[in-house]
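Observations on the model geometry
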Amino acid sequence: MSEPVPIRNLGSVGVITDILPVDLPPGGFSDAANVVFRDGSVNRINGYTTEADLGPDSKALKMQYGWVDGVYILYVATETAIWSLSGGTWTDVSGQVYSATEWDSVVFGPYVIFTSAAHTPQVIGPGDVTFGDLPNWPANVSCQRMRAFGQILIAMGLTIDAIARPQDYLWSNTAPVNGLPPDWAYGDPASNSGLAAVEAETGEIQDGGILGQNFMLYTGYACHELRKTGTDTVFARRIVHRRGLISPKSFTAFDAFHFCVGQDTVYTHSGGRPNPIGQDRIDDRFYGSFENKRATVCVNDTANHEIRVFFNADPDAGTTFWMSWSYRGEGAFSFGRVPGDVRDALVLPMTGQETTWEDLQNAGIKWSDLKGTWADFSDSDDRFYLAWLRY
């Protein structure tokens, strides 16, 4: 008589698509859809609801959250306007009528800044009712994205004097604490602002972000480290490795690492040699699915210790694929899809309802009557927000 064979740690390996199924290790799967592998188990992916709808004629391109008077406010940029969402109510907080096909955003202290090559960077801060032009921004420059590095802003995707400068990056003068940069006077020796270009063979600048004490500037085929020097040059630059990013927004930070979607492999690094985590696991499947490289979006789902990558945003198909990688435990991959054309993703920390001992006393509940754990009485998990682009 046959005996059942116990299977432990069923979700410890995850999906491996780049080898034959017969060669899979125990616990490995040749494919998966809308499940994730956590703590050695297989779990159904969380569902989603429509939190708020801008309407059928609005194309949501980018979102960002700001902390205003103790409350998180979600800002969403469309082609023609910037909206805020608070308490379930949409408010038009545009400083003008926009005509942008692409937006990016950054949080800089108490300020939220949206950038588009079609407009002067737009900023909103304490006491502001609407967005307005970023003060002291040079009139002859436009940029597609900005990133913060301490009290300095770094602008990328530049056009200067109507000439595209995709390999140049511009940094601001040092801003005061909780303030905006006093100038972007890159030609003025009295300013710490500056303008520089990466090596031509490394490709166009895609994106960048802080890693440890330094700033990683990614081009298509390299990662450049910008290190503060304390001299008039402000930054020293060196090439860390020769793997870059496939597009803007195709990296995210986790722990002391960056997770990156490169041109031909998915990898992580901590400021040194890259670790190709997708090699011989999911690279063939992942890169074989691309339709629109610039639609790649990476986000760190901090509540579940997973990186979520949205890709192949094809409006004709009506769905967007996602790939999940667990950075705790065995580092398992999984795949799935969601309806619509996802253009951005954001983990928004929401202030949950914390239950205090006084609350329990007021409700007449004794400590000896409690069942479960204290976490059962608190709601402080991160909430996963997606912006959808509708056609």
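Keep in mind it's a predicted model, so treat the numbers as computed, not measured.

Thresholds applied
- Residues numbered from 1 in each chain as written.
- Predicted model: local features only at pLDDT ≥ 70, side-chain atom pairs only at ≥ 80, totals over all residues.
- Heavy atoms only, no water.
- Helix = DSSP H or I, 4+ residues; strand = E, 2+ residues; numbered from the N terminus.
- Buried < 20%, exposed > 50% of the residue type's maximum accessible area, 1.4 Å probe, protein only.
- Contact = heavy atoms within 4.5 Å.
- Areas by Shrake-Rupley, 256 points an atom, 1.4 Å probe, with all protein chains shown as cover.
- Pairing = 2+ DSSP bridges.
- pLDDT = per-residue confidence, 0-100.
- Axes fitted to C-alpha atoms, helices over the stretch in contact; angles between N-to-C directions.
- Core = buried A, V, L, I, M, F, W, Y, C linked by side-chain atoms within 4.5 Å.
- Disulfide = S-S within 2.5 Å.

Our focus in this paragraph is the overall build of the protein chain. Looking only at helices and strands, the protein chain has two helices and 32 strands in total. Considering the protein chain as a whole, with its 391 residues, one finds that 48% of them fall into the buried category. Contacts in the protein chain between residues at least 24 apart in sequence constitute 49% of all its contacts with a sequence separation of at least 6. Accessible surface, the protein chain as shown: approximately 19,100 Å² in total, 49% of it carbon and sulfur.

Time to look at unusual backbone geometry. A positive phi angle, near 65 degrees, is found at Ala162, a position not held by glycine. On the secondary structure map, Ala162 appears in the loop between strand S16 (158-160) and strand S17 (163-165).

A word on the sheet that holds S16. What the three strands build is an open sheet, ordered S13-S16-S17; its pairing is antiparallel. Edge positions in the open sheet fall to strand S13 (141-142) and S17, since each of these has one partner strand only. Of the pairings in the sheet, the one linking S13 to S16 comprises two bridges and is antiparallel in character. Its bridge partner lying in S16, Ser142 is registered against Thr159.

Per-chain confidence: the protein chain averages 84 in pLDDT, with 81% of residues scoring 70 or above. The model gives residues 372-382 a pLDDT under 50, and that stretch makes 23 contacts with residues more than four places away or in other chains.

Adjacent strands of a sheet pair through backbone hydrogen bonds, lying either parallel or antiparallel. On the basis of which strands lie adjacent, the open sheet formed by three strands has the order S24-S25-S26 and antiparallel pairing. Edge positions in the open sheet fall to strand S24 (251-254) and strand S26 (266-269), since each of these has one partner strand only. The mean inter-strand angle of the sheet, taken between neighbouring strand axes irrespective of direction, is 20 degrees. Pairing analysis gives four bridges linking strand S25 (residues 257-261) to S26, with the strands arranged antiparallel. Of the residues in S26, the one forming a bridge with Phe259 is Thr268.

This next bit is on the nonpolar core. Judged by nonpolar contacts, the single largest core of 24 residues is most densely connected at Phe259, Phe286 and Met323. Among the elements of the structure, strand S3 (35-38), S25, helix H1 (283-287), strand S28 (306-314), strand S29 (319-326) and strand S30 (333-339) are those that each provide at least two residues to this core. Of all the elements, S28 adds the most residues to this core, at three residues. With residues near it in sequence (within four places) discarded, Met323 still touches Phe259, Val266, Ile282, Phe286, Ile307, Arg308, Val309, Phe311, Phe333, Ser334 and Phe335. Counting residues in each nonpolar core, the second largest holds 18 residues, with Val106, Tyr111, Leu134 and Leu158 among its members.

So, on to the state of the cysteines. Enumeration according to the criterion identifies zero disulfides in this entry. The structure places no disulfide on Cys260, whose sulfur is separated from the nearest cysteine sulfur, that of Cys223, by 6.8 Å.

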